[in-house]
Amino acid sequence: MNAKKILGTILCAVIAITALTGCAGSGKKKVGISMPTKDLQRWNQDGDYMKQKFEAAGYEVDLQYAGNKADTQLSQMENMINSGCKVLVVAAVESTSLGTAIDKAAAKNIPVIAYDRLLMDNANVAYYATFDNYKVGQIQGEFVRDTLDLDNAAGPFNIEFTAGDPGDNNASFFFNGAMDVLKPYIDAGKLVVVSGQTDFSSVATPEWSTATAQSRAENIIGSNYADKNIDAWLCSNDSTAQGVVNALDSRYNGEWPIITGQDCDIVSVKNMLAGKQTMSVFKDTRTLAERTVTMASQILDGKTVETNNTYNNNAKEVPSYLCDPVFADINNYKQILIDSGYYKEADLA
Ligand code: BGC
């Protein structure tokens, strides 16, 4: 064997060992984490926490962001599969578009965990770790019901709705959770949607974009509320609530409405402190990250995987772990956000 051939043989052996162990040299198992976008605060936190916690548990981590592009996410997942990741954790840009990568992972016995957002229409999705998404919407709807005292006050009250991205399976859960609480009052005429926009597809916000939510809200205000008050604006999350706040700031002269949100983004907590957003729903990304690390470790160690629910993704009942969302407003933000170490007081200044 000449030197070139020997070198080639060594290289092949290294590649084979790397593929088997999942990680060059370190002997650690590699985890692929695919997050949708860096544009929203929460996904940066989710990614960072998971990276820290997986590394602390002895794994190597390949963390990628897909720039809100489903095809980028697909090719990132394929790279993770080919580079020896032993498990994939995926928060989908678009719930139905990642099937080929999920199937490729399954063919190599690489479990795929859907993170926060369910991966739809695929029987190879192994597990789902999330918050109780329907409950998030319920908390928002109940807040509107109770704050306007819909069961006792005479009304009628004017309300508008802004929901999330139609490609995100969570968005309809949030919307339905809230609508199931509020629809009886709309049907009874106690709540009036002056724009007439009440179905999910009319109120949805592609990519959960603040700018899109803002321009839709500006149109609604301009066309319907020149001489009327808006009493409540049900927004499914903080990025859309921020758009509605911007629109109200620039176009609206009436009394400030109740505005809901979700995530406790720094911008939205500041808006709560300024009296512009009324509530949010806190989903502690540290809890979800920890749960996902536990789930992945249990899978890889061949242990029983703890779940507390199932979600149907149109192809199977996906065993799921649902964490609890928590109501947040100006009265409890210190306790849940500052005392728990999620933010520092200075972050909110
Ligand atoms: C998440 C929300 C988030 C939204 C926009 C949803 O899937 O559950 O927490 O606000 O995406 O990123």
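Before reading further, recall that the structure is shown in the block above.
The sections below set out a description of the structure shown in this document. (Residues numbered from 1 in each chain as written. Predicted model: local features only at pLDDT ≥ 70, side-chain atom pairs only at ≥ 80, totals over all residues. Heavy atoms only, no water.)

1. Considering the nonpolar core
Alright, step 1. Among the nonpolar cores identified, the biggest contains 41 residues, and Phe54, Tyr115 and Leu337 are the most heavily contacted of them.
Alright, step 2. The element that contributes the greatest number of residues to this core is helix H11 (residues 285–300), accounting for 6 residues.
Alright, step 3. Discounting chain neighbours no more than four positions away, the residues touching phenylalanine 54 are Val31, Ile33, Tyr59, Val61, Val89, Thr292, Val293 and Ala296.
Alright, step 4. Ranked by size, the runner-up nonpolar core spans 28 residues in total, among them Leu182, Ile186, Trp208 and Val281. (Core = buried A, V, L, I, M, F, W, Y, C linked by side-chain atoms within 4.5 Å. Buried < 20%, exposed > 50% of the residue type's maximum accessible area, 1.4 Å probe, protein only. Helix = DSSP H or I, 4+ residues; strand = E, 2+ residues; numbered from the N terminus. Contact = heavy atoms within 4.5 Å.)

2. Remarks on the sheet that holds strand E9 (residues 258–259)
Alright, step 1. With parallel pairing, 4 strands are arranged side by side in an open sheet as E7-E6-E8-E9. Taken across any chain shown, the strands that pair with only one partner, and hence form the sheet edges, are strand E7 (191–192) and E9.
Alright, step 2. Seen against the sheet, helix H5 (residues 133–147) touches strand E6 (157–162), strand E8 (232–235) and E9 and runs at an angle of roughly 170 degrees to E8.
Alright, step 3. Strands in contact with helix H8 (residues 210–224) are E6 and E8; relative to E6, the strand with the most contacts, it is inclined by about 150 degrees. (Pairing = 2+ DSSP bridges. Axes fitted to C-alpha atoms, helices over the stretch in contact; angles between N-to-C directions.)

3. So, helix H9 (residues 238–251)
Alright, step 1. End to end, H9 covers 20 Å across 14 residues, agreeing with the expected 20 Å (1.5 Å per residue, within 8%).
Alright, step 2. Taken across its 14 residues, H9 has 10 buried, putting it largely inside the fold.
Alright, step 3. Those residues of H9 not exposed but buried are Asp238, Ser239, Thr240, Ala241, Gln242, Gly243, Val244, Val245, Ala247 and Leu248.
Alright, step 4. In this structure, the buried residues of H9 make contact with E6, H8, E8, E9, helix H10 (266–273) and strand E10 (279–282). (Expected span 1.5 Å × (residues − 1).)

4. With respect to the site of the ligand
Alright, step 1. Surveying the vicinity of the ligand reveals 13 residues, the closest of which are Arg42, Asp116, Arg117, Asp168 and Asp263.
Alright, step 2. Arginine 42 is positioned with one of its side-chain polar atoms (N or O) 2.8 Å from an oxygen atom of the ligand.
Alright, step 3. Taking 310 Å² as the accessible area of the ligand by itself, protein coverage stands at 99%.
Alright, step 4. The residue makeup of the shell around the ligand, split by class, is 4 nonpolar, 3 polar and 6 charged. (Near = heavy atom within 4 Å. Polar contact = N/O pair within 3.5 Å; in protein donor to acceptor, adjacent residues only side chain to side chain. Areas by Shrake-Rupley, 256 points an atom, 1.4 Å probe, with all protein chains shown as cover. Nonpolar A, V, L, I, M, F, W, Y, C, P; charged D, E, K, R; others polar.)

5. Quick word on the sheet that holds strand E4 (residues 112–115)
Alright, step 1. Taken in spatial order, the 7 strands line up as E2-E1-E3-E4-E5-E12-E11 in an open sheet, and their pairing is mixed. Since the sheet does not close on itself, it has two edges, and those belong to strand E2 (60–65) and strand E11 (309–312), each with one partner. The average angle at which neighbouring strand axes cross in this sheet is 25 degrees, direction not considered.
Alright, step 2. Where E11 lies against strand E12 (residues 317–323), 4 bridges are found, and the strand directions are antiparallel. Paired with asparagine 309 across the strands is serine 320, a residue of E12.

In short, geometric facts, not functional conclusions.
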